[in-house]
Structures are given as structure tokens and as C-alpha cells.
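Reading the structure
Read off the chains here:
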Amino acid sequence: MTEQSPHGRGRTKPARRHGPRIALAAVTTGAVAAVSLIALSGTAHAASTLGASAAAGGRYFGTAVAANHLGEASYAATLDAEFNAVTPENEMKWDAVEASRNTFTFSAADQIVGHAQSKGMKIRGHTLVWYSQLPSWVSSLNATDLKSAMDNHITQVMRHYKGEIYAWDVANEAFQDGGSGARRSSPFQDKLGDGYMEEAFRTARAADPDAKLCYNDYNIDGVNAKSNAVYAMVKDFKARGVPIDCVGLQGHFNSQSPVPGDYQQNLQRFADLGVDVQITELDVAGSGTAQANSYSTVVNACLAVSRCTGMTVWGITDKYSWRSGDTPLLFDGNYAKKAAYTAVLTALGGSDSGGTSAGTTNGGTSAGTTNGGTSTGTTNGGTTNGGATGGGTPPAGQGCTAAFRLVSAWTGGYQVEVSVLNSGSGALSGWTTAWTQPSGQTIANLWNAVQGTSDGRTTAHNAAYNGQLAVGASTTFGYVVNGGPPPTSLTIDCQSA
Ligand code: G2I
């Protein structure tokens with residue numbers, strides 16, 4: 001193999017890891033003694049960017065990135081301010097990295113990877129085996145040669161980025177549209193048959209065992225013949241031990257192909273097979289409130305599915321979208337935040353700082369509401385309890401207060417943020433909250449705390465990193481509930497540990 005761009009040139013290895021970023025974004029502390037609890041819970045903790053808001057819920061919010069725009073100041077500034085994950089839009093595709101057999105060119109992809117790593121962003125690899133953007137030399141190989149070229153391509157590309165990629169789209173768009181549920185014709189399918197797919201996934205696992213391995217496709221967002229075919233394949237892979245970790249649902253929506261009514265249900269059925277799901281190429285043609293509502297619906301659906309680990313929009317600005325005429329993204333051509341941006345931020349539990357990310361803000365229309373959910377500022381102060389946990393006696397003056405805030409709600413679910421405040425006169429080294437979950441409503445996903453039960457009530461105690469609270473300091477944890485309607489207030493008891 002020859003490699004035109006030596007491994008690691010311009011990049012820092014090993015990759016920066018992402019765990020600390022999430023913890024840092026999620027743990028908010030500060031002196032709040034003089035601030036009323038209502039004000040505190042309603043406003044003080046909301047993150048003000050897409051990435052930080054998603055991270056507070058244990059997820060990423062990413063964007064497709066093109067290397068040739070990184071030199072544009074507003075492009076890079078918006079990327080760096082708002083997103084905590086990237087997908088190279090074209091730079092890791094077969095025609096970009098292996099235009100000639102066994103000669104690998106990673107320079108453009110390396111540029112994106114290096115940039116992302118320097119900012120602590122996750123990286124999705126896109127894509128290894130796809131019928132499109134495939135050099136003609138691949139299509140002309142016979143079956144034996146094609147199999148070896150495919151295995152070599154997967155192995156060389158994944159090894160180059162070993163340990164640096166969060167998830168790889170191992171195979172992309174391998175199924176036909178329409179009602180047949182059949183595989184799409186491609187050199188791989190036509191010459192190697194269905195078996196090429198598991199060959200690709202097995203080869204990928206061997207090349208980088210730490211990367212999540214995804215199947216990625218469009219028009220599989222709702223339950224339909226195509227998604228049923230993908231579902232059957234994933235189910236079969238799981239049953240036979242073929243390595244697969246995630247399904248990427250691209251999410252290219254427009255008026256002919258709107259967000260389906262059974263979107264969340266479809267995400268959940270894939271998750272129930274034991275794979276993660278990710279929204280991988282989200283964009284929504286349109287403008288204003290309608291566009292904003294579709295975005296909220298997508299984000300809320302992901303938040304409601306605990307194995308939906310993150311969302312990626314297919315570009316930063318309408319200016320550079322692959323379908324620019326549809327103005328499908330969150331920032332307009334001048335990098336102004338659109339209504340769709342506000343809707344996404346709100347759905348993620350964030351709140352606009354009023355500032356700008358990089359470009360100008362148009363103060364545009366605010367997002368409307370839909371079944372995609374409304375953001376609310378509903379808060380209620382919880383109860384204070386300076387008492388002991390487990391029968392122990394805390395030092396005098398210790399105590400904490402927990403407050404409930406409904407972040408967003410949608411048909412069949414809602415998201416809550418709980419603020420825990422050290423309202424006592426001594427430092428806290430741990431806390432436990434408890435509440436009565438409304439009947440028939442189950443917690444799908446809880447983050448920044450450890451969930452339990454006690455005396456028929458739901459409990460959540462501090463995680464390893466947010467138990468220590470100075471006097472007047474606070475932290476938050478969150479959870480998503482399946483079921484409804486959401487309570488308008490909820491009494492949450494808090495005990496110091
Ligand atoms: O088509 C939208 C996406 C559908 N799912 C898979 C994605 O990989 C795909 O991305 C798009 C890129 O956004 C476009 O930028 O894939 C297209 C190719 O199928 C990309 O367009 C190509 C142009 O067709 C080429 O002429 C151009 O040389 O981008 C290339 C690089 O700029």
C-alpha cells in the first residue's frame with residue numbers, strides 16, 4: 001500500500017477522548033445563594049449551544065463538514081461553537097481515499113479529523129461500502145478480486161483512523177426504494193451477493209474493534225418496506241453474531257417525504273433489536289415554523305429513545321447544503337440562526353444565550369409548537385430535607401433542595417430536568433432525590449445521576465462526578481419519560497449523603 005498522506009500528519013494522536021467533555025458540559029455549579037430557586041431552575045442551567053445541550057442529555061449533536069470550507073472563518077466558528085461531532089461529507093468516501101487501487105489519500109479527511117480532535121468532537125466515519133462515489137476500477141473487478149479489494153479498502157481506511165472514529169457507516173444505502181424490500185444493484189451486490197454485507201461488517205470489526213459499526217440508509221425513517229428489510233437484516237445479524245452496533249437513519253425530509261408519524265416508534269423498534277440508532281444526515285426542506293416543527297419532532301423522537309445516541313445535520317449553512325435551494329439547514333447563508341435552530345436548541349433543553357454563534361443573528365421567527373413538543377419554563381420548587389439517608393445523621397446544617405422543570409413534551413413522552421441545590425450551610429459530598437413517578441409512566445433514560453427505587457418511589461443519587469456541592473452550589477440531572485401527560489409540577493425530595 002502507498003499512502004500519500006502519512007498517517008497522523010497535521011493531526012494529534014492518540015485521539016482526544018470524549019467522556020470528560022460530556023461530564024463537564026453537564027455539571028453546572030455556581031453560586032446561587034442569592035437567586036430564587038424558580039429562577040435558578042428555569043434559566044440558569046440551560047446550555048446555549050446545540051452540542052452542549054445535547055451533551056447534557058448524554059448525546060452528541062453533529063454536522064457534516066467539508067474540508068474545503070474549514071478555512072472560512074464563519075464556517076469554522078459556527079462549527080466550533082455549536083457542534084460536538086462531525087461527519088466528513090465526502091472526504092472519506094471511496095473515490096476520495098482510494099481513487100487508484102491500493103493508493104490511499106487521506107489528506108482532506110485528515111484535515112477534518114484533526115480539526116475535530118482539536119475541539120474534542122466525536123467523529124463519524126462515512127462511508128466504507130457504497131455503490132456511489134465509487135471509482136470505476138472497483139466496478140470492473142471480478143468477484144474474487146472485488147472481495148479482496150473491498151476487504152482491503154475497509155481494513156486500510158479503518159486502520160488509518162483506528163481508535164479515532166466513534167462510529168463508521170460500514171455500508172450505505174444498500175437497499176432499494178419502493179415496496180420490494182430487495183437489495184439495490186451495485187458491484188458488491190451483483191458480484192458477491194447478499195453475503196458481502198456481513199463480510200464487510202466482520203472485516204470492519206477486525207480492523208478497529210473500538211468503533212461502532214453502523215448500517216446507514218435513507219427512507220428508512222418510518223416503518224415501511226425498505227426499513228422492514230433493513231430491520232430483518234439487523235435482526236438476522238444480531239441472531240447470528242454478525243457484528244453490528246448501530247443503524248443510521250439519514251433523515252432527509254421534504255414535503256414529499258415528511259417526518260413520518262411513526263418515526264419514534266421506528267427508532268425504538270431498531271433500538272429494541274439491541275443496536276444504537278443515530279440520526280445521521282438530518283435536513284428538512286422548507287422554512288419558518290413548518291421547518292422548525294419538523295426539526296423539533298426529530299429531536300424529541302431521538303431524545304425519547306434511550307439508544308438514540310446522537311443526531312447529525314447534513315451541513316452547517318444553507319449556502320453549502322447538497323440541496324441548497326431547499327434551505328434545509330439550521331443556519332442561513334449568512335450563518336444567521338433560523339427558526340429551525342431555535343426549535344432544535346429548545347427541544348434539546350437548551351436556551352439561546354441571545355448571542356450569536358459566529359455570524360449574525362436574524363432574531364427570526366420563533367419556533368412554533370407541534371407534536372414535536374413545546375418548551376416550557378414550568379418549574380416548581382421541590383422540598384427541602386436536611387435529613388439523613390439510610391438512617392444516618394448528617395452533620396448539622398446539611399441539606400439539599402430539588403426542583404422539577406419540564407423541558408419539553410410530545411405525544412407519548414416528555415423530558416425533565418431536575419436541579420439539585422445545596423441549600424444547607426455545609427458542603428455536600430453526595431445527594432439522593434426521590435419522587436413518585438406518575439403511574440403508567442416509565443423512565444426511558446436518565447443521565448447525570450444514578451437511578452434506583454426505594455419504598456416504591458423512584459430515586460436518583462449523584463453520579464461519581466457531581467456529588468460534591470459547595471454551599472449554594474447546584475447541579476442538574478435529567479430524564480426522559482415514556483408516557484404522559486407530563487405533570488405540571490412534581491415534588492422531589494432531596495437528602496444529603
Ligand atoms: O446525497 C446526500 C447524501 C445522501 N446520503 C449519503 C451521503 O453521502 C450523501 O451526501 C452527498 C453529499 O452531500 C454531496 O456533496 O453525496 C453527494 C454525492 O452522492 C455529494 O455530492 C457530490 C457531487 O455530486 C460531486 O459532483 C462533487 O464532486 O459532491 C462531490 C464533492 O463535492
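Residues numbered from 1 in each chain as written. Predicted model: local features only at pLDDT ≥ 70, side-chain atom pairs only at ≥ 80, totals over all residues. Heavy atoms only, no water.

Digging into the overall build of the chain
How we decide: Helical segments are the DSSP runs of H or I of at least four residues, strand segments are the runs of E of at least two, and each set is numbered from the N terminus. We call a residue buried when its accessible area falls under 20% of the maximum for its residue type, exposed when it is over 50%, and partly exposed in between, using a 1.4 Å probe and counting protein chains only. Two residues qualify as a contact provided that any one of their heavy atoms is within 4.5 Å of a heavy atom in the partner residue.
Within the chain, the regular secondary structure consists of 14 helices and 22 strands. Going through the 497 residues of the chain one by one, you find that 56% of them count as buried. When contacts within the chain are restricted to residue pairs at least 6 apart in sequence, long-range pairs at least 24 apart make up 78% of them.

Section: the side chain of T433
Its location among the elements puts T433 in strand 17 (residues 431-435). For T433, a relative accessible area of 0% corresponds to the buried category. For T433, the contacting residues outside a window of four places in its chain are A402, V420, T458, T459, A460, F477, I492, D493 and C494.

Some thoughts on the site of the ligand
Where we set the bar: Here a residue is considered near a molecule or strand provided that any single heavy atom belonging to it is located within 4 Å of it. Polar contacts here mean pairs of N or O atoms no more than 3.5 Å apart (in protein, one a potential hydrogen donor and the other a potential acceptor; neighbouring residues in sequence count only if both atoms are side-chain atoms). Surface accessibility in these figures is a Shrake-Rupley result with a 1.4 Å probe; residues are shielded only by whichever protein chains are displayed.
Residues in close proximity to the ligand total 14 residues, the closest being E89, K93, H126, E173 and E281. Between an oxygen atom of the ligand and a side-chain N or O atom of H126, the distance comes to 2.7 Å. Surface burial for the ligand is 57%, taken as the share of its 620 Å² of free accessible area covered by protein chains.

Topic: the nonpolar core
Within soluble globular proteins, side chains that are nonpolar tend to cluster in buried spots. The line we're drawing: Grouping buried Ala, Val, Leu, Ile, Met, Phe, Trp, Tyr and Cys residues that are joined through side-chain atoms within 4.5 Å yields what is termed a nonpolar core.
The biggest cluster of nonpolar side chains holds 98 residues, and the ones touching the most others in it are F61, W168, F201, Y215 and L330. Of all the elements, helix 13 (residues 288-304) adds the most residues to this core, at 7 residues. In this structure, W435, Y479, I492 and C494 belong to the second largest nonpolar core, which totals 24 residues.

Looking at the state of the cysteines
Basically, it comes down to this: Whenever a pair of cysteine sulfur atoms sits within 2.5 Å, that pair is classed as a disulfide.
Counted according to the given criterion, the structure contains 3 disulfides. The disulfide bridge from C400 ends at C494, spanning 2.1 Å between sulfur atoms. Disulfide C400 to C494: torsion about the S-S bond roughly -105°, handedness left-handed. Of this pair, C400 sits in strand 15 (residues 400-410) while C494 is found in strand 22 (residues 493-496), placing the two residues 94 residues apart along the sequence. Exposure class is identical for C400 and C494. Each is buried.

Points about the sheet that holds strand 22
Sheet strands line up and pair through hydrogen bonds in the backbone, either parallel or antiparallel. Stated precisely, the cut-off is as follows: Whether two strands pair depends on DSSP finding at least two bridges between them. Helix axes are fitted only over the stretch in contact, all axes being lines through C-alpha atoms; the angle between N-to-C directions runs from 0 to 180 degrees.
If you walk across this open sheet you meet the 4 strands as 19-20-17-22, and the pairing is antiparallel. Each edge of the open sheet is held by one strand with a lone partner, namely strand 19 (449-454) and strand 22. Strand-to-strand twist across the sheet, computed as the mean angle between neighbouring axes with direction ignored, equals 25°. Inspection of the sheet shows strand 19 paired to strand 20 (residues 457-462) by 6 bridges, in the antiparallel sense. Note on strand 20: the bridge partner recorded for T453 is T458.

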